Amino acid sequence: MNKLKSLILAVTAILTGSTAWAYDGSCLWLSGGDNDNQAVITVPKSKSPTVAIAAEELNKAWHGEPLRLEIKRDKNLGNEGFRVYRDKKGLVLSANNDLGLLYGSYALLRDNAAGKAIALREEIPAYNVRVLNHWDNLDGTIERGYAGHSIWNWNELPDVVSPRYREYARANASVGINGVVLNNVNASSKILSAEYLAKVAKIADVFRPYGIKVYLSANFAAPMQLGGLKTADPLVPEVAAWWKAKADEIYKLIPDFGGFLVKANSEGQPGPCDFDRTHAEGANMMARALKPHGGIVMWRAFVYSPADADRAKQAYIEFQPLDGKFDDNVIVQIKNGPIDFQPREPYSPLFGAMPQTDQMVEFQVTQEYLGHSNHIAYLAPMWTEFFDYVSPSSLKAIAGVANVGNDTNWTGHPMAQANWYAFGRLAWNPQLSSEEIIDEWMPMTLNYPENTPKEVTDGLKKMMLNSREAVVDYMMPLGLHHLFAFGHHYGPEPWCDIKGGRPDWMPPYYHRADSAGLGFNRSSSGSNAVAQYPAQLAKKLDNINTCPEEFILWFHHVPWDFKMKSGATLWQELCNRYQSGVESVETMQRQWTAAKPYIDPELWNDVNERLMTQARDANWWKEGCLLYFQQFSGMPIPDNVTPPVHTLDQLKGIKLGISNYECPTPELLNSKR
Ligand code: GCU
């Protein structure tokens, strides 16, 4: 959007009392449509609703030269790619089909909005399947959702189709997302009932012109729960027939249905192993039902049945031997790390270990383990770090667990919109850097005027780029993981050890603190999880002196007086990292304060309040973890680290509700240092 104009509009809105342009975050990074550019835009004669959308978007916001959109055969561009070039008559956007033109239009508008010169180029997406996974339940709640309730109004559908579905599709298409799994992986079979499929079909109709396919999470026991069969055994012909009939029914309603996502034999979900069959046998049976229609199965590898004493090894143990056994329309969906979306994990060793099997990565956009919607944690650095280890070209597809809800601004924290944006952009082009992505997103979304001083915008950029590392430092530095409070995964509870609970759900299982040191020994003298990695990397990780320090407590039980690269002992370094995390948030607060004159007041206040919460929580994490670990190290907190103002007992006394939606407001944490 033209910033000067948006500022004038905002001021006019204030003076006239009109609220039409007041900030509420609902526009995301997209243009509100204040275009007075008269540039001629020529579009192909077509009845395609997709071309109509492209034209509408360009008319709304294109600030460039005359532009011609053309459908033109080009074998390099595939289904979704586009080319931008100039001929004698001016600038041309061409593609093999209307969808390519839509993606190209959004790309041109992005260049425009970021104030960039139009680059002549050819773009094709890195993956054909770029999906957001919603963990939305049919009752409107969202598992690990922090932006309100689900945007799907199941009760109103199919009669009432919310205009928000279209806005949502537009936002996704604008960043290249082309698939949406509508429901939680902990799936209710009901979504596959005729009643619900009619509702799903309505959403699919809205998504179609935006190039977005609908997928559903399927419960493996649906033939029993919904179909009344006695078994869901994948090798029983009646079961396979039930899925085939179900697929046929779905495709009658939704001819471009994408397929199923399945969480099987994981955290209590049913699966083929209940019938002594393998994951491959289960996945293939479902894939064969979809195959005639062109659908796929995304089969999750998030499993941890206790096949080994180290949870980090379990998915590999279960899945790696199945390499080559999956049908060609099955993609194994693997979380980026071997445990569960922690602030920092090494990559899952399953990547690259199944050369005969299609694999996709599952990132978590929603901040289950990164401060929910209270903390700024820009996640592109986490995802590009994954791609530093796992070559994007080794993957077939990409998925992100959505952070979207029915809050007006979609994502709860206004800055969390950047993660939705970044996920889409990386799904289209995993070579992009975190910085390039934030350079696009920031001016489009924060709408500061063009004359905003560079040191202010640089400060905002740094605030975003450093935010994930700040979270790692104040929550779980040096490879620590899973120190979260039980249930809600918000605050620290390294001491939590509920008797009778699964040991691998308890923090002491992961941090292994004792008087000798800290960390999980996964080296060859311990669980030997390192051996699941390629030989050269395994060797590096195995040696405490060569293991990257950001993973040292993930792979080693490190003595408290171990000399770190900085020259400090492990204990001192741990204290320094927690302190540094707290200080990083203070820096973020200063960077945000410096931007106050240039940012819409509503937006500024909202982020400012959340930063105060983040600063409070960072300190809570620091004090809780250091006081707890100090009991084992027996060492003093160094002078350069601000001493805790609470006692460990006080911090242990903080009990938050386990609801996803509850915000922590314990009195204790509000006490000043
Ligand atoms: C985590 C998360 C669960 C979720 C699970 C999954 O364990 O806490 O809520 O169901 O991941 O990815 O299946």
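This is a predicted model, so every value here is computed, not measured. (Residues numbered from 1 in each chain as written. Predicted model: local features only at pLDDT ≥ 70, side-chain atom pairs only at ≥ 80, totals over all residues. Heavy atoms only, no water.)

K.L.:
Account for the sheet that holds strand β10 (residues 296–300), naming residues and giving values.
P.N.:
Pairing in this closed barrel of eight strands is parallel, and the strands run β6-β7-β8-β9-β10-β11-β12-β13 around the ring. On average, each strand axis in the sheet is inclined to that of its neighbour by 25°, with strand direction left out of account. Relative to strand β13 (residues 397–401), strand β12 (residues 359–364) runs parallel, the two sharing five bridges. By the bridge assignment, Q364 is partnered in β13 with V401. Packed on one face of the sheet, helix α5 (residues 194–207) meets β7 (179–181) and β8 (213–217) and runs near 150° to β8. (Pairing = 2+ DSSP bridges. Helix = DSSP H or I, 4+ residues; strand = E, 2+ residues; numbered from the N terminus. Axes fitted to C-alpha atoms, helices over the stretch in contact; angles between N-to-C directions. Contact = heavy atoms within 4.5 Å.)

K.L.:
Which residues make up the nonpolar core, and what values go with them?
P.N.:
F207, W243, L574 and F629 are the most contacted members of the largest nonpolar core, which totals 215 residues. Discounting chain neighbours no more than four positions away, the residues touching L574 are P477, L478, L480, L518, L553, W560, L626 and F629. (Core = buried A, V, L, I, M, F, W, Y, C linked by side-chain atoms within 4.5 Å. Buried < 20%, exposed > 50% of the residue type's maximum accessible area, 1.4 Å probe, protein only.)

K.L.:
So what's going on with the UniProt feature "domain: Glycosyl hydrolase family 67 C-terminal" (unreviewed entry) in the protein chain? Residues and values would help.
P.N.:
The feature "domain: Glycosyl hydrolase family 67 C-terminal" (unreviewed entry), as given by UniProt, occupies residues 411–640 in the numbering adopted here. Annotated as residues 411–640, this span is 53% helix and 2% strand, and its ends, taken at the C-alpha atoms, are 37 Å apart. (UniProt positions renumbered as here; feature names shortened; annotations may be inferred.)

K.L.:
Tell me about the site of the ligand, and name the residues and values.
P.N.:
Near the ligand you find 13 residues, and of these E143, K263, R300, K335 and E368 are the closest. At 3.0 Å, a side-chain N or O of N186 approaches an oxygen atom of the ligand. Its free accessible area being 320 Å², the ligand has 96% of it covered by the protein chains. Residues of the shell around the ligand, tallied by class, amount to three nonpolar, two polar and eight charged. (Near = heavy atom within 4 Å. Polar contact = N/O pair within 3.5 Å; in protein donor to acceptor, adjacent residues only side chain to side chain. Areas by Shrake-Rupley, 256 points an atom, 1.4 Å probe, with all protein chains shown as cover. Nonpolar A, V, L, I, M, F, W, Y, C, P; charged D, E, K, R; others polar.)

K.L.:
Lay out the UniProt feature "domain: Glycosyl hydrolase family 67 catalytic" (unreviewed entry) in the protein chain with the relevant residues and their values.
P.N.:
Sequence positions flagged by UniProt for "domain: Glycosyl hydrolase family 67 catalytic" (unreviewed entry) are, in local numbering, residues 122–409. Along residues 122–409 the backbone is 27% helical and 14% strand, and the end-to-end C-alpha distance reaches 33 Å.

K.L.:
Break down the side chain of D504 for me, with residues and values.
P.N.:
Its place among the elements puts D504 in the loop between α14 (467–475) and α15 (507–511). Separated by 2.8 Å, the side chains of D504 and R502 make a polar contact. Residues within four places of D504 in sequence aside, it is in contact with Y304, R311, Y509 and Y510.

K.L.:
Report on a nonpolar patch on the surface, specifying residues and quantitative values.
P.N.:
Side chains of F486, I498 and W505 sit close together on the surface and give an oily, nonpolar patch of about 260 Å² of accessible area. Structurally, W505 is set in the loop between α14 and α15. W505 gets classed as partly exposed once you look at its relative accessible area, which sits at 34%. (Patch = residues over 30% accessible without salt bridge, like charges linked within 9 Å, V, L, I, M, F, W, Y side chains within 5 Å. Salt bridge = Lys/Arg side-chain N within 4 Å of Asp/Glu carboxyl O.)

K.L.:
Describe in detail the environment of P644, supporting the description with residues and values.
P.N.:
Relative to the helices and strands, P644 is located in the loop between α19 (601–633) and α20 (648–652). For P644, a relative accessible area of 23% corresponds to the partly exposed category. A C-alpha to C-alpha distance of 53 Å links P644 and Q225, two positions 419 residues apart in sequence. P644 has contacts with E623, L627 and I637, leaving out every residue within four places of it along the chain.

K.L.:
Please set out the layout of surface pockets residue by residue, giving values where relevant.
P.N.:
Over the atoms rolls a probe the size of a water molecule, and its path tells where empty space is left. Of the pockets and cavities examined, the second largest pocket occupies roughly 530 Å³. Around the second largest pocket, the lining comprises 26 residues; the ones closest to its centre are N79, E80, N128, N178 and K213. Listing elements by their share of the lining of the second largest pocket, those giving two or more residues are α3 (98–113) and β8. A class-by-class count of the residues in the lining of the second largest pocket yields 10 nonpolar, 11 polar and five charged. Among the domains, domain 1 (24–123) and domain 2 (129–446) are the pair contributing at least three residues each to the lining of the second largest pocket. (1 Å grid on protein atoms, 1.4 Å probe; cavity = no way out; pocket = protein on both sides within 12 Å on 5 of 7 lines; lining within 4 Å. Points joined across faces, edges and corners; volume = space filled by probe spheres on them. Domains from an automatic or database assignment.)

K.L.:
Which residues make up the pattern of salt bridges, and what are the values?
P.N.:
Tallied over the entire structure, the rule returns 36 salt bridges. The partner of E362 in a salt bridge is R300, and the shortest N-O contact between them spans 2.9 Å. Within this pair, whereas E362 is found in strand β12, its partner R300 is found in strand β10, the two being separated by 62 residues in sequence. Residue classification places R300 among the buried residues on the basis of a relative accessible area of 2%. Within this structure, R344, E385, R468 and E469 form a network of salt bridges that share partners.

K.L.:
So what's going on with the domain arrangement of the protein chain? Which residues, and what values?
P.N.:
Domain boundaries assigned for the protein chain yield domain 1 (24–123), domain 2 (129–446) and domain 3 (472–520 + 557–671). The centre of domain 1, based on its C-alpha atoms, is set 46 Å off from the matching centre of domain 3.

K.L.:
Describe the side chain of N112, naming the residues involved and giving the relevant values.
P.N.:
Inspection of the secondary structure puts N112 in helix α3. Other than its neighbours up to four places away in sequence, N112 contacts A61, W62, H63, G64 and I118.

K.L.:
Which residues make up helix α7 (residues 237–253), and what values go with them?
P.N.:
Helix length check: α7 (17 residues) gives 25 Å between terminal C-alpha atoms against 24 Å at 1.5 Å per residue, within 8%. Elements that come into contact with the buried residues of α7 comprise α5, α6 (222–225), β9 (259–262) and α8 (279–290). (Expected span 1.5 Å × (residues − 1).)

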